[in-house]
Structure formats: C-alpha cells, structure tokens
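Residue-level listing of the chains:
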Amino acid sequence: MKQKDIFIAFFRSGILGFGGGPSAIPLVHREVVLVYKWMNDEEFSDVLALANALPGPINTKMAGYIGWRVGGFWGMMNALFATSIPTVVLMILFLTLLTAHKDKPWVAGMSKAVLPVAGVLLGVLAWDFIVKSRKTLGWLWGTILILASVVILEFLHIHPGILIAALLISAIVLGSKKKAKQEGRGQS
C-alpha cells in the first residue's frame, strides 16, 4: 500500500508540475506534507534546502530522498520512476506538438503563460514558509534573515548553495547548543 501511495504522490506532482522544479515543489509539498503526512513543514523545508544546494533537477532529488525515507530502496526507485515517466512522455508529446505548431500564436501564448504561474506557485509556498517561520524564529529574526538573504544573493552575488549551506550549518550548531542548554537545565 505504501509503494502505491509513493507512486501516486510523485506521479501526480510529476504530471502536473509543468515547467520544471519550481512549479513541482508546491505540488510535492502538498502530497508529502498535507495529503500523506510523511513529513511536517519543517522537515520538508530542510529537504528542499538540501535539494537546492545539490546539482541536478530538484524534483528527482526530492523524490529520491523522500521515497527512500518513506519506502526504503524500492520506495526511492518507485518515486524516481513516478516522477520521471510523466516528464519523459509529456516532453516527447509536447515537443512534437510544439515543433509542428511553433508558428501559431496560441503556442507562443501558452509558452509565455508558464512563467507567471510558476512564479505565483513559488510565491505562495515562500509566503507559507515565512508565516510558519514565526513559530520558530519570530517575525523579527525571520525578516532579518529574509532581508540578509536578498542582499547576499542579489547584491553580493553569493551562490545560493553557499547561503543554504551556511544557514544549515548555523541551524545545526544553534540547535545542538539549544539542546545542550535544555539538557543542562533538566539535570539541575
């Protein structure tokens, strides 16, 4: 039953995630966090951050890890297959159609419409993470981190992978210090 759920979850996100990773991330989030509850929002954001830091298509990296976590080796293979097959089939089909009808105005309009839709999906997901971050960081620290990230990425031109790695390391260090501090209080 779990393998069937893994296949359905990643097949749906694979077939509906037209436009690549940015449009598929909110769909994977919905399946993994809201529908099947294999992870919570914090765990999903950690997986997303790590997947962004690694090279390659984000959807397959996330499918591989989540499939492994939920269903072991066969879960990973199942999730990768379910994510990849719709892309391969649709790519062959759409590229054949686009090549045959590339001079028609409706094809150009359809191609231009993909970008704003992906932008809105990513914006909604980002806003959801911002709202949920107030529970762990608070509005002040959340806003400071967002503004600092924008400055680092846009004005200092630091690679996003370096920023994500630095934030992950600081979260691990601060989390272990906080845990040690709480354990010290518990022993007193």
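The sections below set out a description of the structure shown in this document. (Residues numbered from 1 in each chain as written. Predicted model: local features only at pLDDT ≥ 70, side-chain atom pairs only at ≥ 80, totals over all residues. Heavy atoms only, no water.)

### Thoughts on the overall build of the protein
A tally of regular secondary structure across the protein gives 7 helices and 0 strands. Its C-alpha atoms put the protein at 75 × 45 × 25 Å along the principal axes. When contacts within the protein are restricted to residue pairs at least 6 apart in sequence, those whose partners lie at least 24 apart make up 53%. Per element, the accessible surface of the protein, about 12,400 Å² overall, is 72% carbon and sulfur. (Helix = DSSP H or I, 4+ residues; strand = E, 2+ residues; numbered from the N terminus. Contact = heavy atoms within 4.5 Å. Areas by Shrake-Rupley, 256 points an atom, 1.4 Å probe, with all protein chains shown as cover.)

### Thoughts on a nonpolar patch on the surface
A surface patch of nonpolar side chains, about 630 Å² in accessible area, is lined by I146, V150, V151, F155, L156, I158 and I162. For the nonpolar patch, the element with the most residues is helix α6 (residues 138-155), which contributes 4 residues. Here I146 shows up in helix α6. A relative accessible area of 35% means that I146 is categorised as partly exposed. (Patch = residues over 30% accessible without salt bridge, like charges linked within 9 Å, V, L, I, M, F, W, Y side chains within 5 Å. Salt bridge = Lys/Arg side-chain N within 4 Å of Asp/Glu carboxyl O. Buried < 20%, exposed > 50% of the residue type's maximum accessible area, 1.4 Å probe, protein only.)

### Describing the nonpolar core
In this structure, F10, V32, W38, F44, M62 and I66 are the most contacted members of the largest nonpolar core, which totals 22 residues. Looking at this core, the element that brings in the most residues is helix α4 (residues 58-100), giving 7 residues. Other than its neighbours up to four places away in sequence, F10 contacts V28, V32, W38, A63, I66, A79, A82 and T83. (Core = buried A, V, L, I, M, F, W, Y, C linked by side-chain atoms within 4.5 Å.)

### With respect to the layout of surface pockets
Quantified by volume, the largest pocket comes out at close to 2,000 Å³. In terms of lining residues, the largest pocket is bounded by 41 residues, among which S45, S133, L137, L145 and L167 are the most central. Those elements that provide at least two residues to the lining of the largest pocket are α2 (21-35), α3 (41-53), α5 (105-136), α6 and α7 (160-187). Among the elements that make up the lining of the largest pocket, the one with the highest residue count is α7 (11 residues). Residues that form the lining of the largest pocket fall into these classes: 24 nonpolar, 10 polar and 7 charged. (1 Å grid on protein atoms, 1.4 Å probe; cavity = no way out; pocket = protein on both sides within 12 Å on 5 of 7 lines; lining within 4 Å. Points joined across faces, edges and corners; volume = space filled by probe spheres on them. Nonpolar A, V, L, I, M, F, W, Y, C, P; charged D, E, K, R; others polar.)

### Quick notes on helix α1 (residues 2-16)
In a regular helix each residue adds 1.5 Å, so 15 residues correspond to 21 Å; α1 covers 21 Å between its end C-alpha atoms and thus fits that length. Within the span of α1, buried status applies to D5, I6, A9, F10, S13 and G14. Down the axis of α1, the buried set is contained in an arc of 155 degrees. They therefore lie on one face. Packing partners of the buried residues in α1 comprise α2 and α4. (Expected span 1.5 Å × (residues − 1). Arc of directions from axis to C-beta.)

### Brief notes about the pattern of salt bridges
Evaluation of the coordinates by the stated rule reveals 5 salt bridges. Where R12 meets E31, a salt bridge forms, and the shortest distance between an N and an O atom there is 2.9 Å. Of this pair, R12 sits in helix α1 while E31 sits in helix α2, placing them 19 residues apart in sequence. Using a relative accessible area of 5% as the deciding quantity, one classes E31 as buried. Residue E31 is joined to R30 by a salt bridge in which the shortest nitrogen-to-oxygen separation is 3.7 Å. Taken together, the shared-partner salt bridges connect R12, R30 and E31 into one network.

All quantities given are derived from atomic positions and should not be read as evidence of function.
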